Amino acid sequence: MLHIRNYINGTFHDPQTHEWIENINPATGEIFALVARSGAGDVDAAVAAATDAFPQWSGLTSKQRSDILLRVSKKIAEHFDELARAETDDNGKPLWLSKAIDIPRAEANLAFFATEILHTETAAHVTDNHVFNYTVRSPLGVVGCISPWNLPLYLFTWKIAPALAAGNCVVAKPSELTPLTSFLFSQLCIDAGLPPGVLNIVHGLGAECGDAIVKHRDIKAISFTGGTVTGRTIAATAAPMFKKLSLELGGKNPTIVFDDVDIHHTARHVARAAYTNQGEICLCGSRIFVAQNIYKEFRTALIEEIRRFVVGDPLDEPTKTGAIVSKAQMDKILSYIDLAIQEGGTVLTGGKRVMLKGRCSNGFFVEPTLIEGLDSKCRVNQEEIFGPVATLMPFSDDEEVIEAANSTSYGLAASVWCRDISRAHKVAHRLESGIVWVNCWLVRDLRTPFGGMKNSGVGREGGVEALRFFTEAKNVCVQF
Ligand code: NAD
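Everything quoted here is computed from the prediction, not taken from an experiment. (Residues numbered from 1 in each chain as written. Predicted model: local features only at pLDDT ≥ 70, side-chain atom pairs only at ≥ 80, totals over all residues. Heavy atoms only, no water.)

(A) A look at the packing of helix α5 (residues 152–165) against helix α6 (residues 180–192). It is at 8 Å that the axes of α5 and α6 come closest, and there the two elements cross at 55 degrees. Looking at the two axes, α5 sits oblique to α6. Viewed along their axes, α5 and α6 form a crossing whose handedness is right-handed. For the pair formed by α5 and α6, the contact residues are Pro152, Leu153, Phe156, Thr157 and Ile160 on the first element and Thr181, Ser182 and Phe185 on the second. For the contact of α5 with α6, the residue count by class is 5 nonpolar, 3 polar and no charged. (Axes fitted to C-alpha atoms, helices over the stretch in contact; angles between N-to-C directions. Helix = DSSP H or I, 4+ residues; strand = E, 2+ residues; numbered from the N terminus. Parallel < 35°, antiparallel > 145°, perpendicular 65-115°, else oblique. Left-handed = near helix turned anticlockwise from the far one by under 90°. Contact = heavy atoms within 4.5 Å. Nonpolar A, V, L, I, M, F, W, Y, C, P; charged D, E, K, R; others polar.)

(B) Seen up close, the site of the ligand. Around the ligand, a shell composed of 29 residues is seen, among which Lys173, Glu176, Thr230, Leu249 and Glu384 lie nearest. Taking Gly226, its main chain carries an N or O atom lying 3.3 Å from an oxygen atom of the ligand. Gly227 places a main-chain nitrogen or oxygen 2.9 Å from an oxygen atom of the ligand. Relative to its free-state accessible area of 850 Å², the ligand is covered by the protein chains to the extent of 88%. If you list the elements that add at least two residues to the shell around the ligand, you get α7 (206–215), β11 (221–225) and α8 (228–238). Broken down by element, the residue count for the shell around the ligand peaks at 4 residues, all from α7. By residue class, the composition of the shell around the ligand is 13 nonpolar, 11 polar and 5 charged. (Near = heavy atom within 4 Å. Polar contact = N/O pair within 3.5 Å; in protein donor to acceptor, adjacent residues only side chain to side chain. Areas by Shrake-Rupley, 256 points an atom, 1.4 Å probe, with all protein chains shown as cover.)

(C) Representation of the side chain of Lys252 within the structure. Along the chain, Lys252 turns up in the loop between β12 (244–248) and β13 (253–257). For the buried Lys252, which has no salt bridge, the nearest side chain bearing the opposite charge is Glu383, at an N-O separation of 8.0 Å. For Lys252, the side chain forms a polar contact with the main-chain oxygen of Val380, separated by 2.7 Å. Sequence-distant contacts of Lys252, defined by excluding residues within four places in its chain, comprise Ser286, Arg287, Val380, Asn381, Gln382, Glu383, Glu384, Ile385, Thr408 and Tyr410. (Buried < 20%, exposed > 50% of the residue type's maximum accessible area, 1.4 Å probe, protein only. Lys, Arg positive; Asp, Glu negative; His and termini not counted. Salt bridge = Lys/Arg side-chain N within 4 Å of Asp/Glu carboxyl O.)

(D) Representation of the state of the cysteines. For the structure shown, the criterion picks out 0 disulfides. Left unpaired, Cys440 is separated from the closest cysteine sulfur, that of Cys418, by 13 Å. (Disulfide = S-S within 2.5 Å.)

(E) Quick peek at empty space enclosed by the protein. Under the counting rule described, the total for this entry stands at 4 cavities of 30 Å³ or more. Taken together, 14 residues make up the lining of the largest cavity; nearest its centre are Leu155, Trp158, Cys282, Leu283 and Phe450. Top contributing element to the lining of the largest cavity by residue count: α5, with 3 residues. Tallied by class, the residues present in the lining of the largest cavity amount to 9 nonpolar, 1 polar and 4 charged. (1 Å grid on protein atoms, 1.4 Å probe; cavity = no way out; pocket = protein on both sides within 12 Å on 5 of 7 lines; lining within 4 Å. Points joined across faces, edges and corners; volume = space filled by probe spheres on them.)

(F) Seen up close, the packing of aromatic side chains. For the structure shown, the criterion picks out 13 aromatic pairs. Summarising the aromatic geometry, the rings of Tyr7 and Phe12 are spaced 6.0 Å apart at their centres and angled 40 degrees between planes, so their arrangement reads as tilted. Judged by its relative accessible area of 21%, Phe12 is partly exposed. Summarising the aromatic geometry, the rings of Phe469 and Phe470 are spaced 4.9 Å apart at their centres and angled 80 degrees between planes, so their arrangement reads as edge-to-face. (Phe/Tyr/Trp six-rings, centres within 6.5 Å; stacked < 30°, edge-to-face > 60°.)

(G) The sheet that holds strand β25 (residues 471–479), seen in detail. Taken together, the 3 strands give an open sheet; going across it, the order is β6-β7-β25, and neighbouring strands pair in antiparallel fashion. Bordering the open sheet on either side are β6 (124–128) and β25, each of which pairs with just one other strand. The average undirected angle you get between the axes of adjacent strands in this sheet is 25 degrees. (Pairing = 2+ DSSP bridges.)

(H) Spatial organisation of the nonpolar core. Core analysis: the largest hydrophobic core is formed by 134 residues, its most contacted members being Phe185, Leu199, Leu283, Ile288 and Leu370. A total of 10 residues in this core trace back to one element, the largest contributor, which is α5. A domain-level breakdown of this core finds at least three residues from each of domain 1 (2–249 + 456–479) and domain 2 (253–445). Counting residues in each nonpolar core, the second largest holds 16 residues, with Val366, Leu374, Val380 and Ile385 among its members. (Core = buried A, V, L, I, M, F, W, Y, C linked by side-chain atoms within 4.5 Å. Domains from an automatic or database assignment.)

(I) Here's a closer look at the domain arrangement of the protein chain. For the protein chain, the assigned domains read domain 1 (2–249 + 456–479) and domain 2 (253–445). A separation of 30 Å is found between the C-alpha centroids of domain 1 and domain 2. Domain 1 puts 27 residues into the contact, and the matching count from domain 2 is 31 residues. Of the roughly 2200 Å² buried between domain 1 and domain 2 on both sides combined, carbon and sulfur atoms contribute 60%. (Buried area = accessible area lost by both parts, 1.4 Å probe.)

(J) Spotlight on unusual backbone geometry. Even without being a glycine, Asn277 presents a positive backbone phi close to 60 degrees. Mapping Asn277 onto the fold places it in the loop between α9 (263–275) and β14 (285–291). With relative accessibility at 1%, the residue Asn277 sits in the buried group. The phi torsion at Phe386 lies on the positive side, around 65 degrees, for a residue other than glycine.

Given below as structure tokens:
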């Protein structure tokens, strides 16, 4: 049985607790690895290694750090197939999706921040003829990065790449449900020549290992992506310690379709926005608002598109919907479908667990599900489900749809589908959302600010925002 061990100070270690967590392939229900169940002692060892490594790593030139991180990025490319298969076995997502999105993006994250640090500039303010100020940015020291299970290596590297590029040393924890690719990544870091202690990866449960990272007094900042409830717990622990916090949390994202669109083209993209990765992307559009006068026609087209999201073995080419990450997550999704019916909704398509034959007969699969007839204030339309479930609602004018779209406690992402571009701009400006896509979804430029408003998070990742988060600004004022 594969043992997923901690990567501390450049080598692999069993957890000091000697305890292990079972790692299940959600497509087959089989235990295929054991994951270190680390505790505070392992986190202490990781922080000590990171602290020792910090002076040398932060003392390298940007070019030297960039060269090493580019070598790590190249290692991801060299191990592309192995990593894609590992991501699929761990998470349940279709293999083609791991190959199309997860692993290329992990490679890009490293390359992007490795080169971004070569192109930054700093501010200078000329105060008067005899005084000027300039800003120096320094790394924070040892920082903690905690990531979720839905885009495992993608989101793990999205955090550690800017942290390392900016000159910090890192203690990172991937989700206990999907630790495999970050474990394989540890070896790639060794092979690429990343100095020992610069990156340390500890595995374990959130309430134990994750909590020990958040509480550690030598960790200066926490970059967290995960659920809003967890984010609140982390903020309550870290805020009184005056740690810098970046929180990327849940979403309940609106998709707004106006009546001037090409119905079939838009239905295809709206389905993609709702059901890609089994709906397990924080950016998925799970509340679909459609203009009243095209509602019926759009509904027919959307159902047709949703039925193309074939549920199947993640290793099979035609599969568009793989397994849900865990039995607990599948049960949660199914319970929300039951709730939707209790709240007066009608299931237009899907609605059930799927039992496959053969290798996947014990896997956790749910049909892509569309529900109509629900009020935008009901629980199903207010709470994050994080699965292949979306609701469909008609609207009659801009004011009504803006109010409904903004009616949740979340504010992560939205998409607006509209040919009238001036109307699209007006609506985009009024949506309470950190990201608004117009006539597209999940188009990403890594330089742009990424993050949510309201209960979807605090702070922004991406581009210069990430480098700002992982550095401290100092103003130097000079009179001459
Ligand atoms: P989660 O909050 O359960 O776990 C996320 C990570 O936090 C895991 O590594 C977990 O072990 C750790 N953790 C849990 N409790 C902790 C604690 N008390 N202290 C420290 N660490 C702790 O989230 P999840 O179920 O893994 O992921 C799904 C959630 O993530 C959804 O809500 C989704 O919307 C959100 N998400 C947000 C974004 C974004 O960019 N905003 C991206 C992806 C996922």
